[in-house]
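# Topology and contacts: notes
For reference, the chains in residue letters:
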Amino acid sequence: MTTTTLPNYLEDKQGKKGLMVWLTTHDHKRIGLMYLAALSVFFIVGVLIGILMRLELLNPGKDIVDPQTYNSLFTLHGVIMIFLFVIPGIPAVFGNIALPLIIGARDVAFPKLNLFSWYLYMFGAMLALGTLLVGDGPPDTGWTFYAPYSVKTGTNVTMAVFAAFILGFSSILTGLNFIVTIHRMRCPGMSWFKMPLFAWALYATSWIQLLATPVVGITLLMIAVERMLGIGLFDPALGGDPVLYQHLFWIYSHPAVYIMILPGMGVISEIIPTFSQRRIFGYKAIAYSSLAIAFIGYFVWGHHMFTSGMSGPARVIFSILTFLVAIPSAIKVFNWLATMYNGSIDMKPPMLYAMGFIFLFLIGGLTGLVNGALAADIHIHDTYFVVGHFHYVMFGGTGFAFFAAMHYWFPKIWGKMYSIKHATRAFWVLFTGFNILYFPMLVVGIMGMPRRYYDYLPQFHLPNEISTVGSWITVLGLVYMIVVLIQGMRKGEKAERNPWHGLTLDWQTDSPPTLENFEEIPTVTEGPYEYK
Amino acid sequence: MSTNSQQPEVHHPVIHRDDTAKKLGMWLFLFTELILFGGLFLVYSIYRYLNPEDFSNGSHHLDVGIGALNTMILITSSLTVALSITAIQKNKPKLAIGLIVFTIFCALLFMVNKYFEWGHKIHYDLYPGTELFKALKPGEGLFYVLYYFMTGLHMLHVVVGAILLGIMANYIRKGMITHDNYVLLENGGLYWHLVDLIWIYLFPLLYLIH
Ligand code: HEM
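The shown structure was predicted, so the numbers you read here are calculated from the model rather than taken from an experiment. (Residues numbered from 1 in each chain as written. Chains lettered and ligands numbered in written order. Predicted model: local features only at pLDDT ≥ 70, side-chain atom pairs only at ≥ 80, totals over all residues. Heavy atoms only, no water.)

### A closer look at the overall build of chain A
Along its length, chain A carries 16 helices and 2 strands. When its C-alpha atoms are laid out on the principal axes, chain A stretches across 70 × 50 × 45 Å. Of the contacts formed within chain A by residues at least 6 apart in sequence, a portion of 81% connects residues at least 24 apart. Total accessible area computed for chain A in this model is approximately 18,800 Å², and 70% of it derives from carbon and sulfur atoms. (Helix = DSSP H or I, 4+ residues; strand = E, 2+ residues; numbered from the N terminus. Contact = heavy atoms within 4.5 Å. Areas by Shrake-Rupley, 256 points an atom, 1.4 Å probe, with all protein chains shown as cover.)

Structure representation (structure tokens):
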């Protein structure tokens, strides 16, 4: 089967020693794995903080932490999960590993820049975590850094904001790299519409990264300067306008939620046809809807600010636009379901995670519409309904897509296979725990429990108890999943080139691939999903 | 890729040059720079709309003469950097280096002017934190804050641009940029034009509109 004599990329040390093999590599697959290692650590830290918060919320009143600590906990949890996990997430790890493979290239367009992005990411991450250790304690503003509180609080906001700035820069460079790669490095015969849908999703995402991130960069810089020089850009006492800060922040941060979800949708669009052994339904509709989401996503930021003071017409327009952005997402879901229809569905773990994604994303998306509806949002703004909603989209959506990708490309990355039986069980534990953890949040939110407090009224006790129990099951599922994957990585059976019978180019080369990916650059003549 | 690999013959990817990719990358990067400043332009226009009189008062205190001089200097430097690219295309590396050095000289001149301009204001205590500054009307304070912020960030770009051009001159000297491989210099030039372009917007916004 393996005809090459070259060592695969995991063994090929290129004459370097020890850690240097990794730290100075320009290989996209190794860089992807370095992101994976870093991201996993931060994800685990984030989850631990989440568990701690849930423990505090087990009973009304103080259980384990005081109010100030709790404020810092949810801020750190948010900053870590958003800026260190979901935003870089799938593009940085699986985009890096798989994009050159699926378009038949040897690497990304700028391999050195790619490594540089990783260093920027690590630097930003160290700064973000450094807020814990130095100065006047970790920030307590929430991950949104709303002014004027963020310019007044004595905590370490400047450093956290600067970290987010650096991380944004890293994200911009990754996006830039992918756009040029997709434009210039597709293999012969791969026209735009013969490109796998994951590449389309990454393409749309990269444009958002490129065009939206600088706005938050400059905004956060303004916060930092405001704090350092004591000037009044956003502080109303000095003539500034705090609502303007919110606008600038969400001009980036709403498109950023599409940075989080689009690559996930791309992963699902790869997995569903492969595990149904059917041609994808509505290829062009899925490809275009990625671009449509990216485009419309720019114009909906105002829905975060329905209660912040905006004119009536502005609010109505933002509400309508928010409904519009749901359409392309729904198009994708319908196309996935239509692809599965009449297919020979194979419920292997990647497919299970993909189905889990569809289910959880559906709940997340529909509750999103509830938030986007102007009248309803006035009632549920800043309640646990919102917390439930965004965990369904970010964790249930992007997080599950991330896990799906991890199980899907696992044999390609390591050349080994995990235990299908245990991975399947881990999925069910995680899936169950997830719903027990977050569904009660939706309920308790409708009942009126506000977010970002360490305490709550006694009538909210039961749902909070259930949710905390759910958090334990979720963690059990996560640990189980990670153990199964690490076991597979260390002593799994040898995997074939193409264990899932996929048709995209990544499956046509060795597992694991060599540093060059392909012995000879392939030429494609058919679309990526021409299953018989 | 590293060069000290064990089986170099089979091991190396064919390093093929793709100038279009490099330029595309540069243009994309310039977009992000524009949007970075775009955020500031947005903030500027909103605060100007909210405090028209204060902003007008503020801009009366800026030195139009120095601003105009700096505009001339930057436009000239944009010309010379463009000429240096033509020079390298015509295979005249010495001339190209000379033109780049002149461009860097313009950058220095620009900064000297800025030094005097800022120094003058700082001499009169017109900077955030002083008693004088606190006594200003909020709108005027915002104007000066934006003035320092925008020109300061621009100055940072001038410094970075000048350093980049210095590196390019060195590359030409070492023969790494030649008449048939000059995309790096083109990218450096593009960056310098961006620095120029942003100033062309900053100058009227801050100095000319009353
Ligand atoms: C076992 C896993 C997790 C648990 C137990 C958990 C728990 C929580 C809780 C209880 C809050 C609400 C804090 C409050 O408003 O008082 C919260 C907030 C948040 N969570 Fe999670 N979470 C988990 C995983 C995640 C993941 C995977 C993500 C993102 C991908 C995430 C993103 C966020 C964000 C952005 C906030 C808002 C922080 C803020 O208010 O500034 N969480 N989480």
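After presenting the structure, the write-up continues.
### Section: the coordination of the iron atom of the ligand
Reference values for angles at a metal are 109.5 degrees in the four-donor tetrahedral case and 90 or 180 degrees in the six-donor octahedral case. Residues and elements named next belong to chain A. At the metal site, the iron atom of the ligand is ligated by H77 (NE2) and H391 (NE2), and these contacts range over 2.0 Å. Taken together, the 6 donor atoms coordinating the iron atom of the ligand span angles of 85 to 180° at the metal, a pattern that classifies the geometry as octahedral. Within this pair, whereas H77 is found in helix α3 (residues 67-86), its partner H391 is found in helix α14 (residues 384-414), the two being separated by 314 residues in sequence. Of the two residues, H77 and H391, both sit in the buried class. (Donors = N, O, S within 2.8 Å, 3.2 Å for Na, K, Ca; no water. Tetrahedral: all angles 85-135°; square planar, octahedral: opposite > 155°, others 65-115°. Buried < 20%, exposed > 50% of the residue type's maximum accessible area, 1.4 Å probe, protein only.)

### With respect to the interface of chain B and chain A
Each partner contributes residues to the interface: chain B has 36 residues there, and chain A has 40 residues. Here R184(A) ties to D18(B) by a salt bridge, and the two come within 2.9 Å at their closest N and O atoms. The tally of links between chain B and chain A comes to 3 residue pairs in polar contact (both at pLDDT 80 or more). Breaking the side of chain B that touches chain A down by element, the ones donating at least two residues are α1 (8-11), α2 (19-50) and α7 (138-174) of chain B. A total of 18 residues in the side of chain B that touches chain A trace back to one element, the largest contributor, which is α2(B). Partitioning the side of chain B that touches chain A into residue classes produces 23 nonpolar, 11 polar and 2 charged. (Salt bridge = Lys/Arg side-chain N within 4 Å of Asp/Glu carboxyl O. Polar contact = N/O pair within 3.5 Å; in protein donor to acceptor, adjacent residues only side chain to side chain. Nonpolar A, V, L, I, M, F, W, Y, C, P; charged D, E, K, R; others polar.)

### With respect to helix α7 (residues 157-184) of chain A
Under the 1.5 Å per step criterion, the end-to-end length of α7(A) is 41 Å for 28 residues, consistent within 8% with the ideal 40 Å. Of all 28 residues in α7(A), 21 are buried; the element is thus mostly enclosed. (Expected span 1.5 Å × (residues − 1).)

### Let's talk about empty space enclosed by the protein
Residue and element names in this part refer to chain A. Taken as a whole and assessed by the stated rule, the structure comprises 3 cavities of 30 Å³ or more. Estimated volume of the largest cavity: approximately 140 Å³. If you go around the largest cavity, you meet 17 residues; those closest to its centre are F83, I87, P88, L167 and S171. Going through the elements one at a time, α4 (89-102), α7 and α8 (197-229) are the ones with two or more residues in the lining of the largest cavity. Residue contributions to the lining of the largest cavity peak at 6 residues, all from α7. Looking at the lining of the largest cavity, its residues break down into 11 nonpolar, 6 polar and no charged. (1 Å grid on protein atoms, 1.4 Å probe; cavity = no way out; pocket = protein on both sides within 12 Å on 5 of 7 lines; lining within 4 Å. Points joined across faces, edges and corners; volume = space filled by probe spheres on them.)

### Concerning the nonpolar core
Considering soluble globular proteins, one finds that nonpolar side chains tend to be buried as a cluster. All names here are of chain A. Ranked by size, the top nonpolar core spans 239 residues in total, and within it F94, L233, F234, F357, F400, F403 and W409 carry the most contacts. Residues within four places of W409 in sequence aside, it is in contact with F94, A98, F198, V267, D506 and W507. If you look at the next biggest cluster of nonpolar residues, it comprises 6 residues, including L120, A128, A163 and L173. (Core = buried A, V, L, I, M, F, W, Y, C linked by side-chain atoms within 4.5 Å.)

### Details of the packing of aromatic side chains
Overall, the coordinates contain 65 aromatic pairs over all chains when judged by the stated rule. Measuring from ring centre to ring centre gives 5.9 Å for W428(A) and F431(A), while their planes differ by 85°; the resulting arrangement is edge-to-face. Of this pair, W428(A) and F431(A) both sit in helix α15 (residues 420-447), 3 residues apart, which is roughly one turn of that helix. By relative accessible area, F431(A) is classed as buried at 15%. Between the aromatic rings of F203(B) and Y207(B), the centroid separation amounts to 5.3 Å while the plane-to-plane angle is 45°, which identifies the pairing as tilted. Of this pair, F203(B) and Y207(B) both sit in helix α8 (residues 183-208), 4 residues apart, roughly one helical turn. Comparing F203(B) with Y207(B) shows no difference in burial state: the two are buried. One residue, K29(A), lies across the ring of Y9(A), its end atom 5.2 Å from the ring centre. (Phe/Tyr/Trp six-rings, centres within 6.5 Å; stacked < 30°, edge-to-face > 60°. Lys NZ or Arg CZ within 6 Å of the ring centre and 35° of its normal.)

### Structural notes on the confidence of the model for chain A
Taken as a whole, chain A shows an average pLDDT of 91; of its residues, 99% reach a score of 70 or greater. Per-element confidence in chain A ranges from a low mean pLDDT of 80 for helix α6 (residues 149-152) of chain A to a high of 97 for α15(A). (pLDDT = per-residue confidence, 0-100.)

### Remarks on the site of the ligand
Residues and elements named next belong to chain A. With respect to spatial proximity, 25 residues lie near the ligand, and among them Y70, H77, H391, Y438 and R452 are the closest. H77 has a polar side-chain atom sitting 2.8 Å from a nitrogen atom of the ligand. For the ligand, a nitrogen atom lies 3.3 Å from a polar atom in the side chain of Y438. Elements with a contribution of two residues or more to the shell around the ligand: α2 (28-56), α3, α14 and α15. The element contributing the most residues to the shell around the ligand is α3, with 7 residues. Split into classes, the residues belonging to the shell around the ligand amount to 17 nonpolar, 5 polar and 3 charged. (Near = heavy atom within 4 Å.)

### Considerations on the side chain of N187(B)
Residues and elements named next belong to chain B. Secondary-structure assignment places N187 in helix α8. Using a relative accessible area of 10% as the deciding quantity, one classes N187 as buried. Setting aside chain neighbours within four positions, we find N187 in contact with K22, K23 and M26.

### Topic: unusual backbone geometry
Residues and elements named next belong to chain A. Geometrically, the link from S511 to P512 is a cis peptide bond, its omega value of -15° lying close to zero. Along the chain, the position of P512 falls in the segment after β2 (493-494). In this structure, H501 is a non-glycine residue whose phi angle is positive, near 60°. On the secondary structure map, H501 appears in the segment after β2. The backbone phi angle of N517 is positive, close to 70°, even though this residue is not glycine. Position of N517 relative to the elements: it lies in the segment after β2.

### A look at the packing of α14(A) against helix α16 (residues 461-491) of chain A
Residue and element names in this part refer to chain A. Where α14 contacts α16, the two axes come as close as 11 Å, and the packing angle between them is 15°. As judged from the angle between their axes, α14 and α16 are roughly parallel. The interaxial crossing formed by α14 with α16 has left-handed handedness. For the pair α14 and α16, the contacting residues are F395, F403, M406, H407, F410 and W414 in the first and T474, L478, M481, L485, G488 and M489 in the second. Across the contact of α14 with α16, the residue classes tally to 9 nonpolar, 3 polar and no charged. (Axes fitted to C-alpha atoms, helices over the stretch in contact; angles between N-to-C directions. Parallel < 35°, antiparallel > 145°, perpendicular 65-115°, else oblique. Left-handed = near helix turned anticlockwise from the far one by under 90°.)

### A word on the environment of F37(B)
Mapped onto the fold, F37(B) is located in helix α2. Considered as a pair, F37(B) and H154(B) are 117 residues apart in the sequence and their alpha carbons are 8.9 Å apart.

### Some points on the environment of W22(A)
Residues and elements named next belong to chain A. Considering the arrangement of structural elements, one finds W22 in helix α1 (residues 20-23). Classification of W22 by relative accessible area gives partly exposed; the value is 25%. Measuring from C-alpha to C-alpha, the distance between W22 and Y119 comes to 12 Å, with 97 residues separating the pair along the chain. For W22, the residues in contact, after removing those within four places along its chain, are L10, R30, L33 and M34.

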